[in-house]
Structures are given as C-alpha cells and as structure tokens.
Amino acid sequence: MFISYFFENGSPCNWDYSDGELAVDLLYDHEAGATNKAAGHFHFSVDNPERQPVRIRIKLATNIWNGQLGSPFEADLPSYYSEDGKTWQVFVWQQETNGDLVAEFGKLPFFYLARLEPYTEANLKQLCGDIKDHPLVTMSNIGTTLEDRSLEMIHVGTGEQRVLLRARAHPWEPGGNWVIDGLIREFIAQYETNPEKVKNIGFDIMPIANKDGVARGMTRFNLKGADLNRGFSRPRAELAAVAPENIALLEWLDQQQTAGTLPVLALDFHNDCNGGLLIPADDEARMEILADSLRRHTFSPETVISSPNKDGFAAGVHAQYGIAAATLEFNAKYINNIKQLPSATHWQQFGRDFLEVALEFISENS
Ligand SMILES: [Zn+2]
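About the cut-offs
- Residues numbered from 1 in each chain as written.
- Predicted model: local features only at pLDDT ≥ 70, side-chain atom pairs only at ≥ 80, totals over all residues.
- Helix = DSSP H or I, 4+ residues; strand = E, 2+ residues; numbered from the N terminus.
- Rg over C-alpha atoms; globule rule 2.2 N^0.38 Å.
- Contact = placed C-beta atoms within 7 Å.
- Pairing = 2+ DSSP bridges.
- Axes fitted to C-alpha atoms, helices over the stretch in contact; angles between N-to-C directions.
- Domains from an automatic or database assignment.
- Nonpolar A, V, L, I, M, F, W, Y, C, P; charged D, E, K, R; others polar.
- Expected span 1.5 Å × (residues − 1).
- Bend = angle between axes of the 7 residues up to and from the residue.
- Buried ≥ 20, exposed ≤ 12 C-beta atoms within 10 Å, placed from the backbone.
- Arc of directions from axis to C-beta.
- Parallel < 35°, antiparallel > 145°, perpendicular 65-115°, else oblique.
- Core = buried A, V, L, I, M, F, W, Y, C linked by C-beta atoms within 7 Å.

**Brief notes about the overall build of the chain**
Regarding its fold elements, the chain presents eight helices and 22 strands. Relative to the globule expectation of 21 Å for 366 residues, the C-alpha radius of gyration of the chain, 20 Å, shows essentially globular dimensions. Considered along the principal axes of its C-alpha atoms, the chain spans approximately 65 × 45 × 35 Å. Within the chain, contacts between residues at least 6 apart in sequence are counted, and of these 74% link residues at least 24 apart.

Given below as structure tokens:
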C-alpha cells in the first residue's frame, strides 16, 4: 500500500498503513499573522497492487476560521475517486464520532481520491487551448504568483457591459472553475447561433487566483499565508508583499477604471457546505435582484446572506470601484435545490445557465 501526492494538485499528508487501514493525516496551511489554519483538502493516489480491501480514514484536523474552531468535515460528506484521474465517481463518507471520515475501498489496484473533482492548471491549459483562436476570446497575463506562475485573465465577448468573475481564491474549491468552463463554452455556442443575443456583454475571468496553492494541493492560503479573499482593505504596499495575486487583480481594475471599462458586476466563486450568496451589507437591493435571477435560471444560491466580511473580494471591489459584487458559494456537500450530490457536470451546467443571469443583470443595469 502506498500513497503518492507527487503530482499537480496532490495534497501533502502523513499516512500510515496497518491492519487493513490506511490512516491519513492532512497537513495544515496557516495564515500568517493570525491563528487561522486550514486542512480539509485531500487529493492523493493509492497504490494497492495486491488488491487488498482497505479502509481509508481521513483524520479530522480541527480548523480555525476567523479565529473560531471549526470542522471541514461533517456527516454525509461526498468525495470522488478515479482510476485514471479523468473520470470520477462520487461516494459518501461515513463520519465517526471523533470527526474522522472513513470509507471501504476494495479490489482497485490503483486509484486517486479527491475531496472534489479536481480542476488544475492542466485543465485550464486545455480550456485555453480550445478557445484561444476564437474571435470572441482574448487572453492576457495580468501578473504572476509568488512562485512565478502566470495569472491569466480570459476575456470573452466584445460587449461593453462587462462581468468580472474570479475563481479559486481558495485552492480546495474547484467548483467555480467548472462553472467558468461551462459558461465560456456556452457563450461561444450562443454567439455562433445567435450573436445578437450576446453582443452587449463581455466576461473578464480570472480563472485560478491561487495558482500556487492549486498546484501544491493546499486548502486555503497562499504560500505566504495570505487568504486571497481577505486583505482588500489593506494598504497596497502591505498587500503586495504577501499577495501579488490580489495586487494583479487590483491593478487590472485600476486600468479598467482609467479606461472607463469597469465591470458592472463582479462575482467571486467559492465552495462551502451551505451554498449561499454573500452580499455586501450596503448593496442588498441590487443583489436581491441578482439572487432572484439566479434562482429562476440556476440551482444556486440556497440562501442569501448579508456578509459581515468587510475585507474580502466582494466588499473590497464594491467599496473601491462601486461595482455590484458578491461571493457565490457552491455547495460542496449536497445541492439542495436539485437534490443532487455536487459534481463537475452540475457546476458546468450552472455555468451554462449563468449566461442568462448575466444577460438579465446587464439589461436591468444599463
Ligand atoms: Zn472559499
């Protein structure tokens, strides 16, 4: 029995095998200058050449979020396994009273196990390769990460009303990437059959904000311990020292402001186990209209919450540029509105359906 995490998005862990049980200890990533720490992402492969039945145990690592103890695990949490790293099957863990997750695996000589269906830089390269020559698409690099990975901005559409989307501030949360994949492919398909319909809209998409964390299979923070959904109210020089990923986005927004091409709507995509739309407290009326449109066309959000987070992407972009902005959490446990376990396929469908929501938003705001 052997665990490997020596691949893109593989999560480092400590592990031990005895008496038919493979016990996995997740490693924390820590927030610099705070007590916060997070370990909830896992993605590793299991070699079991003798095809022995094996019980896999993911040991609970108690997290600290916003200074409070919390658990990334709960009852009936789904995860995914794959024999080839491409086609994933969902299963649901048993949770023991101590919080550990356990599941029985037998007879597979080799498989990957992941908290959610992975979306990595390789997936993004594939998407970019598929769309780069389309006349609707332009791509730019707006900066680099701490480890010098390029930060892409994908522009789709030529309309003057722009919608900014960001995904993957938190590495364990791939849902937004699958949404973006579905949206871009749908936008191109709609343009080819009905260009008139989409002529006024354009999307600016930062697909993987925390690229280093995604490559390294981390849970929440970047390599200097910064939370990329915090720090938007910090002085720029302070932020630049720890989060060039956010500086790149803010400088891009500055350029749009100067050019008079600021987006009218900005959404930051996340995963959690609640599926809420988190809106800045001083922009509730406009965001309720968005929430209503989302409910009519898609399976999210499940709740709308006025967010107390004054330091995150949505509050920051709203306060600094006046853009209508929100955080949209995709439920990584169970999609209550359609009574389905979450999957990449569901999130791609959300992305296809989201095009109508964006079109409604710009027509109501122009
Ligand atoms: Zn998040």
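Now that the structure has been shown, the text picks up again.
**Here we look at the sheet that holds strand β1 (residues 2–4)**
Spatial ordering of the open sheet is given by β1-β6-β14-β10-β11, a layout of five strands whose pairing is antiparallel. Each edge of the sheet is formed by a strand with only one pairing partner; in this case those strands are β1 and β11 (89–92). On average, adjacent strands in this sheet sit at an angle of 30 degrees to one another, irrespective of strand direction. As defined by bridge partners, strand β10 (residues 78–82) adjoins β11 across four bridges and the pair is classed as antiparallel.

**Quick look at the sheet that holds strand β22 (residues 324–331)**
The mixed open sheet is built from eight strands, whose spatial order is β15-β16-β18-β17-β19-β22-β20-β21. Of all strands in the sheet, those bounded by a partner on one side alone are β15 (137–144) and β21 (303–307). Going across the sheet, the axis of each strand differs from the next one's by a mean of 20 degrees, ignoring polarity. Bridge count between β15 and strand β16 (residues 150–156): seven bridges; the pairing is antiparallel. Its bridge partner being in β16, Thr138 is matched across the sheet by His155.

**Re the domain arrangement of the chain**
If you check the domain split of the chain, you get domain 1 (2–114) and domain 2 (121–365). Each of domain 1 and domain 2 was reduced to a C-alpha centroid, and the two centroids are 27 Å apart. Taken together, the contact between domain 1 and domain 2 spans 19 residues of the former and 20 residues of the latter. Split by residue class, the side of domain 1 that touches domain 2 holds eight nonpolar, seven polar and four charged.

**Details of helix α8 (residues 344–365)**
For α8, with 22 residues, the first-to-last C-alpha span of 31 Å sits near the 32 Å given by 1.5 Å per residue. The largest bend along α8 measures about 30 degrees and falls at Asp353. Turning to α8, its buried residues are Ala344, His346, Trp347, Phe350, Gly351, Arg352, Phe354, Leu355, Val357, Ala358, Leu359 and Phe361. Close packing links the buried residues of α8 with β17 (161–167), α2 (175–193), β18 (201–206), β19 (265–272), α6 (284–297) and β22.

**Brief notes about α6**
Within an α-helix, residues lying three or four positions from one another point in the same direction, as the helix has 3.6 residues per turn. The terminal C-alpha atoms of α6 lie 20 Å apart, and with 14 residues this matches the ideal 20 Å at 1.5 Å per residue to within 8%. Turning to α6, its buried residues are Met287, Leu290, Ala291 and Leu294. For α6, the buried positions fall inside an angular range of 105 degrees around the axis, keeping them on one side. Relative to its buried face, α6 has exposed residues pointing more than 90 degrees away, namely Ala285 and Arg296. For α6, the elements touching its buried residues are β20 (276–280), β21, β22 and α8.

**A few points about the environment of Phe44**
Looking at the element boundaries, Phe44 is found in strand β6 (residues 43–47). Using a count of 23 C-beta atoms within 10 Å as the deciding quantity, one classes Phe44 as buried. Residues Phe44 and Tyr112 lie 68 residues apart in sequence; the distance between their C-alpha atoms is 5.7 Å. Not counting chain neighbours up to four residues away, the residues in contact with Phe44 comprise Ile3, Ser4, Tyr5, Gly10, Ser11, Cys13 and Leu113.

**Quick look at the pairing of strand β3 (residues 21–26)**
Because side chains alternate across β3, one face comprises the buried residues Leu22, Val24 and Leu26, and the other comprises Glu21, Ala23 and Asp25, none of which is buried. Count of turn residues in the strand β2 (residues 13–18)/β3 antiparallel hairpin: two residues, of which Asp19 carries a positive phi of about 50 degrees. Of the pairings in the sheet, the one linking β3 to strand β7 (residues 54–58) comprises four bridges and is parallel in character. Within the sheet, the bridge partner assigned to Leu22 lies in β7 and is Ile56.

**A word on unusual backbone geometry**
Note the cis peptide between Ser300 and Pro301, where omega equals 0 degrees. Mapping Pro301 onto the fold places it in the loop between α6 and β21. Residue Asp19 is not a glycine yet carries a positive backbone phi of 50 degrees. Among the structural elements, Asp19 can be located in the loop between β2 and β3. Not every positive phi belongs to a glycine, and Asp148 is a case in point at roughly 70 degrees. Looking at where Asp148 falls in the secondary structure, it is placed in the loop between β15 and β16.

**What to know about the packing of helix α1 (residues 121–131) against α2**
Two numbers describe how α1 lies on α2: the axes approach to 11 Å, and their chain directions differ by 5 degrees. Our classification of the angle between α1 and α2 gives roughly parallel. On α2, the residues touching Asn123, Leu127 and Ile131 of α1 are Asn177, Asp181, Ile184 and Ile188. A class-by-class count of the residues in the contact of α1 with α2 yields four nonpolar, two polar and one charged.

**Remarks on the nonpolar core**
Counting 88 residues, the largest nonpolar core has Phe42, Leu165, Val179, Ala326 and Ala358 as its most contacted members. If one sorts the elements of this core by residue count, α8 sits on top with nine residues. In contact with Ala326, not counting residues within four places along its chain, are Leu267, Leu277, Leu278, Ile279, Met287, Leu290 and Ala314.

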